[in-house]
Amino acid sequence: MSGHYLAVDIGASSGRHIVGWLEDGQVQTKEVYRFPNGVKAENGRLTWDMDALLGHVKEGIRKALDVFGALESLSIDTWGVDYVLLRGDEEVRPCYAYRDGRTESVIPAVHENIPFSELYAHTGCQFQPFNTIYQLYDDSRKGRLEGVTDFLMAPEYLMWKLTGVKAREYTNATTTGMVNAKTGEFDLELVRRLGLPEGLFPKLSQPGTAVGEYKGVKVVLCATHDTGSAVEGIPMEGEQLYISSGTWSLLGVKTPKPLTDEKSMAANYSNEGGVGYNRYQKNIMGMWIVNRLRDELCPDKPFPEIVGSAEASAFAETVDANARCFLAPESMKAAFDSALSAKPEGVGDYFRCAYRSLALSYRDAIRELEENTGRTYEKLYIVGGGAKNAFLNKLTEEAAGKQVVALPIEATALGNLKIQMEGVISC
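Small disclaimer: the values here were computed from a predicted structure and weren't measured.

Chemist: How should I be thinking about the overall build of the protein in this particular structure?
Modeler: Secondary structure summary: the protein contains 15 helices and 18 strands in total. Computed over C-alpha atoms, the radius of gyration of the protein comes to 21 Å, within 12% of the 22 Å expected from 2.2 N^0.38 for 427 residues, which places it in the range of a compact globule. Projected onto its principal axes, the C-alpha coordinates of the protein cover approximately 55 × 55 × 45 Å. For the protein, the residues scored as buried account for 58% of the 427 residues in total. In the protein, once contacts between residues fewer than 6 apart in sequence are set aside, the share between residues at least 24 apart is 71%. Counting only carbon and sulfur atoms, one obtains 48% of the accessible surface of the protein, whose full area is about 16900 Å².

Chemist: Before we go on, may I ask you to explain the environment of L162 in this structure?
Modeler: Of note, L162 is situated in helix 5 (residues 154–163). Under the relative-accessibility criterion, L162 is labelled buried at 8%. Once residues lying within four places of it in the same chain are set aside, the contact partners of L162 are L54, V57, K58, I61, L74, I76, E213 and Y214.

Chemist: Whenever I open this one, unusual backbone geometry confuses me. Can you help?
Modeler: What is expected of a backbone is that most residues other than glycine have negative phi and most peptide bonds are trans. Cis rather than trans, the peptide bond between R93 and P94 has omega equal to 0°. Tracing the backbone shows P94 in the loop between strand 8 (90–92) and strand 9 (95–96). With phi around 50°, K215 is a residue other than glycine that occupies positive phi space. Summarising the element assignment, K215 is placed in the loop between strand 11 (210–214) and strand 12 (217–220). Judged by relative accessible area, which is 63%, K215 ranks as exposed.

Chemist: Just checking my understanding: could you explain the sheet that holds strand 6 (residues 73–77) for this structure?
Modeler: The strands that make up a sheet pair up through hydrogen bonds in the backbone, lying either parallel or antiparallel. Sheet architecture is open: six strands sit in the order 3-2-1-6-12-11, paired in mixed fashion. Strands at the two margins of the open sheet, each flanked by one partner only, are strand 3 (26–36) and strand 11. Within this sheet the neighbouring strands show an average axis-to-axis angle of 25°, counted without direction. Where strand 1 (residues 5–10) meets strand 6, five bridges bridge the pair, whose relative direction is parallel. Across the sheet, the residue bridging to L6 is L74, located in strand 6. Against the sheet, helix 1 (residues 50–68) makes contact with strand 1, strand 2 (14–23), strand 3, strand 6, strand 11 and strand 12, and its axis sits at roughly 135° relative to strand 3, the strand it touches most. In this fold helix 5 packs onto strand 1, strand 6, strand 11 and strand 12, with an angle of close to 145° to the strand it touches most, strand 6.

Chemist: Looking at this model, I keep getting lost on the pattern of salt bridges. Mind explaining?
Modeler: Here the idea is simple: oppositely charged side chains can pair when their charged atoms come close. On inspection of all chains with the given rule, the structure shows 30 salt bridges. In this structure, R34 engages E410 in a salt bridge whose closest nitrogen and oxygen atoms are separated by 3.4 Å. Highlighted residues: R34 in strand 3 and E410 in the loop between strand 18 (403–407) and helix 15 (411–426), separated in sequence by 376 residues. We classify R34 as partly exposed; its relative accessible area is 42%. Take E410: its relative accessible area is 31%, and that puts it in the partly exposed class.

Chemist: For this particular structure, what's the right way to read the sheet that holds strand 10 (residues 150–153)?
Modeler: Sheet architecture is open: three strands sit in the order 8-7-10, paired in antiparallel fashion. Lying at the two open borders of the sheet, with one neighbouring strand each, are strand 8 and strand 10. Strand-to-strand twist in this sheet, taken as the mean axis angle between neighbours without regard to direction, amounts to 40°. Pairing between strand 7 (residues 83–87) and strand 8: three bridges, direction antiparallel. Looking at the pairing, L85 lines up with V92 of strand 8.

Chemist: Where do I start with the packing of aromatic side chains in this structure?
Modeler: In this structure the tally under the stated criterion is 18 aromatic pairs. With 6.3 Å between their ring centres and 55° between their planes, F151 and F186 make a pair best called tilted. Pair noted here: F151 is in strand 10 and F186 is in the loop between helix 6 (170–173) and helix 7 (188–193), with a separation of 35 residues, a long-range link. By the burial criterion, F151 is buried, and F186 matches it. Aromatic ring contacts, followed pair by pair, group W48, W79, Y98, F130 and W248 into a single cluster.

Rules behind the numbers
- Residues numbered from 1 in each chain as written.
- Predicted model: local features only at pLDDT ≥ 70, side-chain atom pairs only at ≥ 80, totals over all residues.
- Heavy atoms only, no water.
- Helix = DSSP H or I, 4+ residues; strand = E, 2+ residues; numbered from the N terminus.
- Rg over C-alpha atoms; globule rule 2.2 N^0.38 Å.
- Buried < 20%, exposed > 50% of the residue type's maximum accessible area, 1.4 Å probe, protein only.
- Contact = heavy atoms within 4.5 Å.
- Areas by Shrake-Rupley, 256 points an atom, 1.4 Å probe, with all protein chains shown as cover.
- Pairing = 2+ DSSP bridges.
- Axes fitted to C-alpha atoms, helices over the stretch in contact; angles between N-to-C directions.
- Salt bridge = Lys/Arg side-chain N within 4 Å of Asp/Glu carboxyl O.
- Phe/Tyr/Trp six-rings, centres within 6.5 Å; stacked < 30°, edge-to-face > 60°.

Everything listed is a geometric property; what it means functionally is a separate question.
Rendered as structure tokens:
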């Protein structure tokens with residue numbers, strides 16, 4: 001098979017266009033475009049600039065076509081949970097970002113209608129205050145759903161703008177807290193009980209489905225939730241633990257089917273869609289806390305120097321990396337100061353504390369996972385930006401007692417490309 005394929009991989013802080021092709025049986029890649037992303041403050045709320053993202057998506061496609069001349073297909077993956085509302089072909093603005101915090105006031109009302117234990121039994125989706133189910137209920141209460149005909153998750157929206165086709169992809173839908181764990185489709189009983197418009201929840205499409213064309217290039221659904229694509233891109237030997245380490249650290253394992261028992265709920269493990277399997281995983285705060293500390297304490301210091309200062313520090317205290325106070329603080333330094341009894345004396349102390357706290361959170365999550373699945377695992381595969389941090393990998397190996405296999409590869413883009421290549425082969 002010959003030809004070139006384009007993966008557009010957009011994270012919460014940056015996006016990249018990576019072209020892939022098969023050469024001597026191996027996938028080769030070339031990054032052709034990279035751009036910044038991030039939430040912006042708008043009227044006191046945190047939002048995404050979807051117009052800017054679409055502009056970058058189109059510019060990166062143009063660059064890819066300039067470099068390679070032709071593409072077999074392209075696909076887009078992004079973070080989960082967030083979406084754009086539509087009235088026909090008209091967007092409802094703004095597009096809220098999951099860190100905004102607008103759902104805090106409606107979560108109790110959702111749980112009055114449907115206790116969380118019942119929600120979890122239906123969906124197996126972990127509790128996060130920003131889950132789509134809470135965001136949509138907030139929209140409903142504020143009248144934002146009046147006349148709305150569609151809600152499209154972020155990558156679905158971008159592909160609609162390219163093709164004119166409104167597709168709903170399975171793996172990203174499972175981040176909403178509204179997909180039934182048994183049927184793999186939107187749970188209309190939950191929709192009705194919350195009084196949401198049923199027409200917003202059509203049948204879901206699987207990764208590999210072709211949805212349309214843009215400038216003569218076939219547009220295909222990958223696993224549009226970036227973690228779904230990342231797990232596809234990890235060259236694991238057998239069934240082993242993984243961490244997709246970026247803004248969030250997603251720690252988990254592949255399972256044949258969702259685990260929606262009480263122990264899984266108590267440990268706040270999530271069940272999300274994979275390509276023919278379930279991803280039993282947990283959100284851990286991840287590089288978010290490290291990046292925010294850097295922005296505040298030493299924005300011009302390269303990461304190798306930051307890691308060196310953390311290694312040289314003897315600061316002994318740690319924090320709960322998953323505590324709510326670290327989700328979206330105005331000052332990450334202040335959040336650490338409030339959580340610690342001893343005051344860090346230098347920059348290295350903050351970063352040592354952050355890295356050790358992350359390693360301990362990985363250890364605790366692995367212990368819960370092994371107890372809940374009734375299995376033990378020998379290896380922990382780490383991909384994404386965090387895989388490049390040898391100090392954090394060493395701390396994780398020591399804390400978790402697992403062999404860490406760090407793969408500083410673009411796993412999400414590789415998974416995105418793999419699904420496109422396999423999808424095109426089967427067409």
